[in-house]
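One-letter residues, chain by chain:
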2 protein chains.
Amino acid sequence: MTTQQQFYKSLKTLLDKMQLLDQAEMQTKLADFKPAEVHTIQYIGQHIGANVTAIAAGMYVTRGAVSKMTKRLIRRELIEKYQSAENKKEVYFRLTAAGQKVYEQHEAMDRQHDKRDQVVFDSADPKQIAGTLQFLQAYNDHLDHELQRTKQGD
Amino acid sequence: MTTQQQFYKSLKTLLDKMQLLDQAEMQTKLADFKPAEVHTIQYIGQHIGANVTAIAAGMYVTRGAVSKMTKRLIRRELIEKYQSAENKKEVYFRLTAAGQKVYEQHEAMDRQHDKRDQVVFDSADPKQIAGTLQFLQAYNDHLDHELQRTKQGD
DNA sequence: CATATTTTGTTTCTTTGTCAACAAAATTAA
DNA sequence: TTAATTTTGTTGACAAAGAAACAAAATATG
């Protein structure tokens, strides 16, 4: 296996495992809400005033997916939609009080996960961590360019 | 944003972007096959003799998902199922000639992706890459322990 | 300004996966 | 060995996301 393949596999399984752990906890602590609902609430909470297209781009899903999910969250009174006077096409969202509560519960869970994995960061060489972040950033930048290229090139 | 949060976000978006790029290419080069079909063919090609449960564990999906997907691949004559004399309960799979062809096409694509991203590995300090792999491995090991713990603990 | 083009959001249909219930086989316990 | 338990694979109902077609609004172009 090449270094690249090893890197990819490590990355992939790491996230798979995180998701497995997170999901198990979510089912107990936020049982009334589907993972995708919580995920969307989190994104809206962190990006107030984002429209459907922006949320879709940020979450790497289609606008259709966001449209459906926000509709559901509105029905469940976890978010509100609003529009501006200048632009009657775009739709923006904000959390309701109930949504804010879910948001905060999820944030608390996130901090709990950070604590759970703190030992990994504590026992690693700070230089190694910094190097890892730097490498991930470089890879991300490269893929941004590639995505840009495919958008134009085809 | 803490280092951990930064790390997680980088990881997540990196894989999102990879998937975006890969999917676009798959739709042109392996248009007759759905992404999940190709993915399963790849796993079976790399793990000959794996049963449903093993495939599910390896791909981080449920046995139900594997059962349905393998059924479809058998119908499309891309894989074959077989059983052993010793164990009449477990079901194993192997690629047909047609499946092998898809497998090889996908492997070729993978090598192409490696080439596409080679520049990232070439321009990074080898020590940084090694450190990154090491850190990812340490994190993976930690999560394996955590998963073990939750399986016992609840 | 008027028209063509693009952007934005929604909807329908399809794909993919989970969960839970189940039957058959294998394993463990009595 | 027989009975209880666990493992394995399958199925049906349902959840979530993608793709494509569409209408309304905004923007660009002549």
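Residues numbered from 1 in each chain as written. Chains lettered and ligands numbered in written order. Predicted model: local features only at pLDDT ≥ 70, side-chain atom pairs only at ≥ 80, totals over all residues. Heavy atoms only, no water.

The name given to chain A in an unreviewed UniProt entry is MarR family transcriptional regulator, with Secundilactobacillus silagei JCM 19001 as the source organism.

(A) Highlighting the interface of chain B and chain A. Opposite the 45 residues of chain B that make contact, chain A presents 46 residues. Across the chain B/chain A interface, buried area totals approximately 5000 Å², and carbon plus sulfur atoms make up 72% of it. At the junction of chain B with chain A, the criterion picks out two salt bridges. A salt bridge links D144 of chain B to K17 of chain A, with the shortest nitrogen-to-oxygen separation between them at 3.0 Å. Among the elements of the structure, helix 1 (3–29), helix 5 (97–123) and helix 6 (126–153) of chain B are those that each provide at least two residues to the side of chain B that touches chain A. The residue inventory of the side of chain B that touches chain A, partitioned by class, reads 20 nonpolar, 17 polar and eight charged. (Contact = heavy atoms within 4.5 Å. Buried area = accessible area lost by both parts, 1.4 Å probe. Salt bridge = Lys/Arg side-chain N within 4 Å of Asp/Glu carboxyl O. Helix = DSSP H or I, 4+ residues; strand = E, 2+ residues; numbered from the N terminus. Nonpolar A, V, L, I, M, F, W, Y, C, P; charged D, E, K, R; others polar.)

(B) Spatial organisation of the pattern of salt bridges. Residue and element names in this part refer to chain A. Here the structure, examined in full by the defined rule, presents 16 salt bridges over all chains. In this structure, the salt-bridge partner of K12 is D16, at a minimum N-O distance of 3.5 Å. One end of the pair is K12 and the other is D16, both in helix 1 (residues 3–29) and four residues apart, which spans about a single turn.

(C) How the structure looks around unusual backbone geometry. Residues and elements named next belong to chain A. The phi angle at Y60 is positive, at roughly 60°, despite the residue not being glycine. Counting through the fold element by element, Y60 comes out in the loop between helix 3 (52–59) and helix 4 (63–75). Located in the positive-phi region is E77, a residue other than glycine, with phi close to 60°. Structurally, the position occupied by E77 is in the loop between helix 4 and strand 1 (79–82). For E77, a relative accessible area of 58% puts it in the exposed group. (Buried < 20%, exposed > 50% of the residue type's maximum accessible area, 1.4 Å probe, protein only.)

(D) Broad picture of the relation of the copies chain B and chain A. For these two chains of identical sequence, chain B goes onto chain A by a turn of 180° and a shift of 0.0 Å along the axis, with RMSD 0.1 Å. Expressed as an axis order, the relation between the two copies is that of a two-fold axis. Among all residues of chain B, the minimum C-alpha distance to the rotation axis is found for T132 of chain B, at 2.3 Å. A symmetric contact is evident, with 100% of the interface residues of chain B recurring at the interface of chain A. (Least-squares fit on C-alpha atoms with pLDDT ≥ 70 in both.)

(E) Summary view of the protein's contact with DNA strand C. Residues in contact with DNA strand C amount to 27 residues; listed here are only the nearest, K89 of chain A together with K34, K68, R72 and K88 of chain B. Here the atoms of DNA strand C within 4 Å of the protein split so that 71% fall in sugar or phosphate, with bases taking the remainder. With respect to DNA strand C, the backbone of V91 of chain A contributes an N or O atom lying 2.8 Å from a phosphate oxygen. Here a phosphate oxygen of DNA strand C and a backbone polar atom of A36 of chain B are 3.5 Å apart. Broken down by secondary-structure element, the contributors of at least two residues to the surface near DNA strand C are helix 3 and helix 4 of chain A together with helix 2 (35–46) and helix 4 (63–75) of chain B. Sort the elements by how many residues they give to the surface near DNA strand C and helix 4 of chain A lands first, with five residues. Classifying every residue of the surface near DNA strand C gives eight nonpolar, seven polar and twelve charged. (Near = heavy atom within 4 Å. Polar contact = N/O pair within 3.5 Å; in protein donor to acceptor, adjacent residues only side chain to side chain.)

(F) Broad picture of the UniProt feature "domain: HTH marR-type" (unreviewed entry) in chain A. Under the feature "domain: HTH marR-type" (unreviewed entry), the UniProt entry names residues 4–141 of chain A. Secondary structure over residues 4–141 of chain A splits into 74% helix and 6% strand, and the C-alpha atoms at its two ends are 17 Å apart. (UniProt positions renumbered as here; feature names shortened; annotations may be inferred.)

(G) Fine view of the domain arrangement of chain A. Segmenting chain A into domains produces domain 1 (29–119) and domain 2 (124–154). Placing a centre on the C-alpha atoms of domain 1 of chain A and another on those of domain 2 of chain A gives a separation of 26 Å. (Domains from an automatic or database assignment.)

(H) Expanded view of the protein's contact with DNA strand D. Not every one of the 27 residues close to DNA strand D is listed here, only the nearest: K34, K68, R72 and K88 of chain A together with T53 of chain B. Counting only atoms of DNA strand D within 4 Å of the protein, the sugar-phosphate share comes to 68%. K68 of chain A is positioned such that a nitrogen or oxygen atom in its side chain is 2.3 Å from a base oxygen of DNA strand D. Interatomic distance of 2.5 Å between a backbone N/O atom of K88 of chain A and a phosphate oxygen of DNA strand D.

(I) The arrangement of the nonpolar core in detail. If you look at the biggest cluster of nonpolar residues, it comprises 32 residues, and the most contacted ones within it are F7 and Y139 of chain A together with F7 and Y139 of chain B. Those elements that provide at least two residues to this core are helix 1, helix 5 (97–123) and helix 6 (126–153) of chain A together with helix 1, helix 5 and helix 6 of chain B. Apart from the residues within four sequence positions on either side, F7 of chain B is in contact with L14, F121, T132, L133 and L136 of chain A together with F135, L136 and Y139 of chain B. (Core = buried A, V, L, I, M, F, W, Y, C linked by side-chain atoms within 4.5 Å.)

(J) View of the packing of aromatic side chains. Residues and elements named next belong to chain A. Summed over all chains, the structure comprises 14 aromatic pairs over all chains. Pairing F7 with F135 gives two aromatic rings, centres 5.4 Å apart and planes at 85°, and the pair type is edge-to-face. Taken together, the residues span a long stretch of sequence, with F7 in helix 1 and F135 in helix 6 at a distance of 128 residues. A residue is classified by how much of its surface remains accessible, and F7, at 1% relative accessible area, is buried. Look at F135 and you get buried, because its relative accessible area is 1%. (Phe/Tyr/Trp six-rings, centres within 6.5 Å; stacked < 30°, edge-to-face > 60°.)

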